[in-house]
Structure formats: structure tokens, C-alpha cells
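Results of the structural survey
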Amino acid sequence: MTALSTSGSAAPRTLVISPNWIGDAVMAQPLLRLLKQQHPERPIDVLAPGWVAPVLRAMPEVDTVLSTPFRHGALQLRERWRFARDLKQRGYANAYVLPNTLKFALIPWFAGIRNRIGYKGESRYGLINVMHHDDPQHPRAMVPFYAALAGAPSAVAPADLPRPALRVSTPQILPVLDKLNLQPGQPLLAFSPGAEFGNAKRWPTSHFAQLANTILADNPEMQIVLLGSGKDHAVCEEVRALAPAARNLAGQTSLDEAVALIAQASAMVSNDSGLLHIASALNRPVIAIYGPTDPDHAPPFSDIARSLSLRIACSPCKQRECPLGHHDCMQKLDSGKVWAELQPMLHFR
Ligand code: SF4
């Protein structure tokens, strides 16, 4: 973690420990904006796993992104203690712990940060000393859930929260297009056919391919890119096999590059995944496809956005694999329905 020694300032800083998921990190951005409004002079450091860091680097409120050196899911108590002792040198006035786990709450406690703010999570009494409580019977959407941490635990969260917003400049986009041999003068459309959570959240690859072929029949100049991590490459390859003009870039780009491509895209069609929330925060036109998850929990929030869900009787089941075996929530959402919503969006590009 090279950034630990670069502070060079005696001004108190704010530490935010980021969620581990890309989509959740995007949803935390309004909290950062509220914290910046409260203390404009106070630099905000965010501690985040490497795979989330590019999203945080696109947030103007963030001064420094610090990479977590821990293995995903591992306690590594001694390493956390040593890491926290180094963190202490940066002079934090407060720490906001967004993951609900005990192990992340240990870090600001080990570092001796006076105000340690977060939800009760795994009964983190003592570790969190400004403790917020959530009602599991009435879960809030992710943006107000995180933004509430900016106020006192008893305070009512502001009703007019800013929506998450990421910033990518044209000079950041053009080299990425050039590297990937994409034409800046031709329209670009991004698909995100993967979903980390499991197969049930994936709209069928044949539907993505059918949509791509329909679009290309009407718009032969359209450049369609399939985005995702290396884990999504095989799924995207299934799409490409049926729609050969689509480019499978899953696992071929860094997340920074994927963010740049989404910023350039005329629209994005996505499963309920982290890239969907990046597209929303970049205010790109978005079609979000939901099957086993609740479309109202973390909906896309671009100016132009559509959430598509058949809302069949068994949904949202929130299962990784369809327990009924038929996957009707996704199978019966045909590409024609998506195209009907997407087509008018492309006129706004
Ligand atoms: S049980 Fe219903 S909602 Fe869940 S994956 Fe199967 S079809 Fe979709």
C-alpha cells in the first residue's frame, strides 16, 4: 500500500472503508459528497479492495484510494493490526466503516481513530462507537442506507440525496478506444451479460445475442462491446458465438478501461451487476434486466433508465440458481421487449 506514506499534511483526514462490491461502492458516493460538504477542508481517503479502486478514483470527493492488502474473506488479525498502526500516522479524525463485518471494524479501532461510524452489523459494540441501526424488516435502498451515516444515528436521512456520480474525461476515453481499435466517430453500445452473484441473475446469452443481431440489422455502424471481468469471458463468448459482430472484451480490459468505454457508450444493457451501477453513475442511458432480484432495491438512476422485470409470482426469489429449474423470470423476457425500450434511447445519444 504505497499511498500510506504520502499524506504530508497535518490536517485531519476522513477515512472511509469501502464496500467490497463495485455496485455498493457506487451507491456510497452520495455519502462521500455529504462528508465533503460537512468538511470541505478535510481530505477523504478510501480503503478499498483493488477491484473496486477504479470506481473510487472516478469520484471527485476522494483524495487518496488505499488498497486493502488483505485476502478476500480472511481475518488476518496480525496483518490488520500492523496495517492499522501505519494508518494511524495519517491523522484521521473519523472513520466510516461501510462493510458490516467485524474484521473491517477492527481497523479503525486498532488505529485509535476517535470517531468510528457504522451500522451495528456483526454486533460491533465498542469497535463502532457512533452506531447506526437498520431495520431488517424494512431495508432501505443502498444510497440512503450509506448516506444516513453522514448524520447522527437518530437523524432522519435527507430526502433529496444527490445521486451517485462518477466523472471520466474525454482524454481518459480516447486512448482506451484507440487501444481497443474502436472508432470514436461511430456509436458504441455496451452489454454486461455476466453477473457475479450467480446464473439466475443472467439474462440468457441467446437473448443478448438476438438483441445484438437486431440492433446491427438496423444500425450496421453500431459497435457492440461485451464487458465484464475474466469470470464473465465464457458467458460473453456464448453471446459472441451467436452474434459474431459483437466484441467480447470481458477480461480484456481493466476496470478503468471498462469505465471509460461505458462513459463513451450510447447506452448500456445490463444484468443486475456492478457495471450497471457504474453506467448509472456516469448518467448513461441504461436498460437493467432483473429476474430473481428486486428491481426496486438498487434501481438504475440515469436520466434515461428502464428497469425490466416480468415480476412473475416466484420473483424475487434472490437465489443464485433457479430453484424451479425453468428460469422463466429471464427466459420469458424476450429480446423484442428489450429492443422496444432500447430503440428510443438510441435517438438521444
Ligand atoms: S424461482 Fe422464479 S424468480 Fe427465482 S430464478 Fe426461478 S424463475 Fe426466477
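Residues numbered from 1 in each chain as written. Predicted model: local features only at pLDDT ≥ 70, side-chain atom pairs only at ≥ 80, totals over all residues.

**Comments concerning the overall build of the chain**
Along its length, the chain carries 13 helices and 12 strands. Taken over C-alpha atoms, the radius of gyration comes to 21 Å for the chain, in line with the 20 Å a tight globule of 349 residues would show. A principal-axis box enclosing the C-alpha atoms of the chain has dimensions of 60 × 45 × 40 Å. Evaluated residue by residue, the chain yields a buried proportion of 45% over its 349 residues. Taking as baseline every contact in the chain between residues at least 6 positions apart, the subset at least 24 positions apart corresponds to 58%. (Helix = DSSP H or I, 4+ residues; strand = E, 2+ residues; numbered from the N terminus. Rg over C-alpha atoms; globule rule 2.2 N^0.38 Å. Buried ≥ 20, exposed ≤ 12 C-beta atoms within 10 Å, placed from the backbone. Contact = placed C-beta atoms within 7 Å.)

**Regarding the domain arrangement of the chain**
The extent of an interface is frequently quoted as the accessible surface area lost upon association of the parts. In terms of domain boundaries, the chain breaks down into domain 1 (2-150) and domain 2 (170-346). The centre of domain 1, based on its C-alpha atoms, is set 30 Å off from the matching centre of domain 2. On the side of domain 2, 11 residues touch domain 1, which itself brings 12 residues to the contact. Elements represented by at least two residues in the side of domain 1 that touches domain 2 include exactly helix 1 (22-27) and helix 3 (53-57). The biggest single contributor to the side of domain 1 that touches domain 2 is helix 1, with four residues. (Domains from an automatic or database assignment.)

**Topic: the sheet that holds strand 2 (residues 44-48)**
A sheet is described by the order of its strands in space; here six strands give the open sequence 3-2-1-4-5-6, paired in parallel fashion. Of all the strands in the sheet, just strand 3 (62-67) and strand 6 (130-132) have a single pairing partner and so form its edges. Taking each pair of neighbouring strands and ignoring which way they run, the sheet shows an average axis angle of 15 degrees. As paired strands, strand 1 (residues 13-17) and strand 2 are joined by four bridges and run parallel to one another. (Pairing = 2+ DSSP bridges. Axes fitted to C-alpha atoms, helices over the stretch in contact; angles between N-to-C directions.)

**Details of helix 7 (residues 170-179)**
For helix 7, a buried count of one out of 10 residues is recorded, marking the element as mostly open to its surroundings. With its phi angle positive at about 60 degrees, N181 sits one or two positions after the end of helix 7.

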